[in-house]
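Each chain, letter by letter, is given below.
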Amino acid sequence: MRRWVCSMAAFATITTALLAVSQSPAALPITIDGKFDTATEHLLVPVTIGGHRFWCNPDTGYSALVALDPVKAVSAGLQVAAGVSTPNGNPGSSGVSAISVDLVVGGVTFANQSISLRKFAEAADMDMDCIFGVALLRRFVVEFDYAKPGIVLYERSTYQPVAGTERIPLVFYTNPRVPFVDIQVSFSAGPPESLRVVPDTGTSFYGAIMVGGAADR
C-alpha cells in the first residue's frame, strides 16, 4: 500500500497533508477516486470547472494555483479573459489568459476561482486536463493513495494518522503554501548529501530533480 499525508505541522511518508476558505462539504472524510495518467503516471482526480468535468493532477508543489489546458477550456465552452490575478494575489502576466469560475473538488466548492489557461506538453495519450495546487485544500488533511488510486479529505481537528506512520517536519519559506523537507541522498562515491527539497506530487518520471549547487556537488 502506497499512501502519504501532508499537514502544516508534519509530513508523513506513507500518507501526505496541506489547509482553504471554501464551502464545507456535508460529511467527512471525502474519498475521491482517481486514475493514473497514461502518459506521465501522474495521479489524476476528477474536478468540476465552470460546470464541466476535467481530470486534474493534485500538485503539492503548485501552491494554491489552478491551471487548465486552453484547448479543453474552449472545447467546454468556457469564456476566457486576459490578465486575471493569480490566487496568490499576483497580477497575471500580459497576454496570459485566465477564467474566473466555480471550482468543485470532491463536493467542496471554491466560488469564482481564478484559473490560468496553460498549454501542457503535447502527448497523444495524455489524460491530464488541469493541475491544482494541493494548498487549495489546506482546510483538510489530504491523503494520497497511490495503490487505489485517489485522494481522501479529512477534518484536520479530528484526523488520526494510521499506526506506523512516520512524521517528517515541513519547512516553509516565503510561500507558506509550498512545503520543503530535509532528505539525505547517498551516492556510489563520496559522502551522503543533505538536501532540502520540495516533495512534489506533480513531478513525474524522476525520483528527484537537483538544481543549482546540489546538482554541481
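Engineer: An account of the overall build of the protein chain is requested, with residue identities and associated values reported.
Structural biologist: If you tally the helices and strands in the protein chain, you get two helices and 16 strands. Taken as a whole, the protein chain presents about 11100 Å² of accessible surface, with 53% of it coming from carbon and sulfur.

Engineer: How would you explain the pattern of salt bridges if you had to name every residue and give the values?
Structural biologist: Under the counting rule described, the total for this entry stands at four salt bridges. Among the ionic pairs, Asp-129 bridges to Lys-72, the shortest N-O distance being 2.4 Å. Of this pair, Asp-129 sits in the loop between strand 10 (108–117) and strand 11 (130–133) while Lys-72 sits in helix 1 (residues 70–75), and the two are 57 residues apart along the sequence.

Engineer: Lay out the confidence of the model for the protein chain in plain terms, naming residues and giving numbers.
Structural biologist: Taken over all residues, the pLDDT of the protein chain has a mean of 80, while the share at 70 or more is 77%. Confidence, expressed as mean pLDDT per element, reaches its minimum in the protein chain at strand 2 (residues 11–12) with 34 and its maximum at strand 5 (residues 43–49) with 97. Note on residues 5–22: pLDDT is under 50 here. Beyond four places in sequence and across chains, it has 93 contacts. Ignoring residues within four places in sequence, the model shows residues 83–95, a span with pLDDT below 50, making 22 contacts including any to other chains.

Engineer: Tell me about the nonpolar core, and please be specific about residues and values.
Structural biologist: In terms of nonpolar packing, the biggest core is built from 32 residues, with Val-47, Ile-49, Leu-68, Phe-132, Leu-137, Ile-151 and Leu-153 touching the most fellow members. Once residues lying within four places of it in the same chain are set aside, the contact partners of Ile-151 are Ile-30, Thr-31, Ile-32, Leu-43, Val-45, Pro-58, Leu-137, Val-142, Glu-143 and Phe-144. The next biggest cluster of nonpolar side chains, apart from the first, holds eight residues, and it includes Trp-55, Ala-67, Met-128 and Ile-131.

Engineer: Go over the environment of Phe-172 with me, naming the residues and quoting the values.
Structural biologist: Within the secondary structure, Phe-172 sits in the loop between strand 14 (167–168) and strand 15 (181–185). You can call Phe-172 partly exposed: its relative accessible area is 27%. Remark: the alpha-carbon pair of Phe-172 and Val-198, spanning 26 residues in sequence, is separated by 9.9 Å.

Engineer: If you had to explain the pairing of strand 12 (residues 140–145) to someone new, which residues and values would you point to?
Structural biologist: When a strand is regular, its side chains alternate between the sheet's two faces. In terms of residue burial, strand 12 counts as a mostly covered element, since six of its six residues are buried. Across the two faces of strand 12 the burial is the same, with Phe-140, Val-142 and Phe-144 and Val-141, Glu-143 and Asp-145 all buried. Pairing geometry for strand 12 and strand 13 (residues 150–155), over six bridges, is antiparallel. Note that in strand 13 the partner of Asp-145 across the bridge is Gly-150. Hairpin connection, strand 12 to strand 13: the antiparallel pair is bridged by four residues.

Engineer: Could you give an account of unusual backbone geometry, with specific residues and numbers?
Structural biologist: Leu-28 connects to Pro-29 through a cis peptide bond whose omega is 0 degrees. Within the secondary structure, Pro-29 sits in the loop between strand 2 and strand 3 (30–33). Note that the residue after Lys-148, namely Pro-149, is joined by a cis bond; omega there is -5 degrees. Relative to the helices and strands, Pro-149 resides in the loop between strand 12 and strand 13. The phi dihedral of Glu-41 falls on the positive side, at around 65 degrees, and the residue is not glycine. Its location among the elements puts Glu-41 in the loop between strand 4 (35–36) and strand 5. With a relative accessible area of 64%, Glu-41 lands in the exposed category. In the Ramachandran plot, Ser-63 falls in the positive-phi region, its phi being about 55 degrees despite a non-glycine side chain. Relative to the helices and strands, Ser-63 is located in the loop between strand 6 (52–59) and strand 7 (66–68).

Rules of the game
Residues numbered from 1 in each chain as written. Predicted model: local features only at pLDDT ≥ 70, side-chain atom pairs only at ≥ 80, totals over all residues. Heavy atoms only, no water. Helix = DSSP H or I, 4+ residues; strand = E, 2+ residues; numbered from the N terminus. Areas by Shrake-Rupley, 256 points an atom, 1.4 Å probe, with all protein chains shown as cover. Salt bridge = Lys/Arg side-chain N within 4 Å of Asp/Glu carboxyl O. pLDDT = per-residue confidence, 0-100. Contact = heavy atoms within 4.5 Å. Core = buried A, V, L, I, M, F, W, Y, C linked by side-chain atoms within 4.5 Å. Buried < 20%, exposed > 50% of the residue type's maximum accessible area, 1.4 Å probe, protein only. Pairing = 2+ DSSP bridges.

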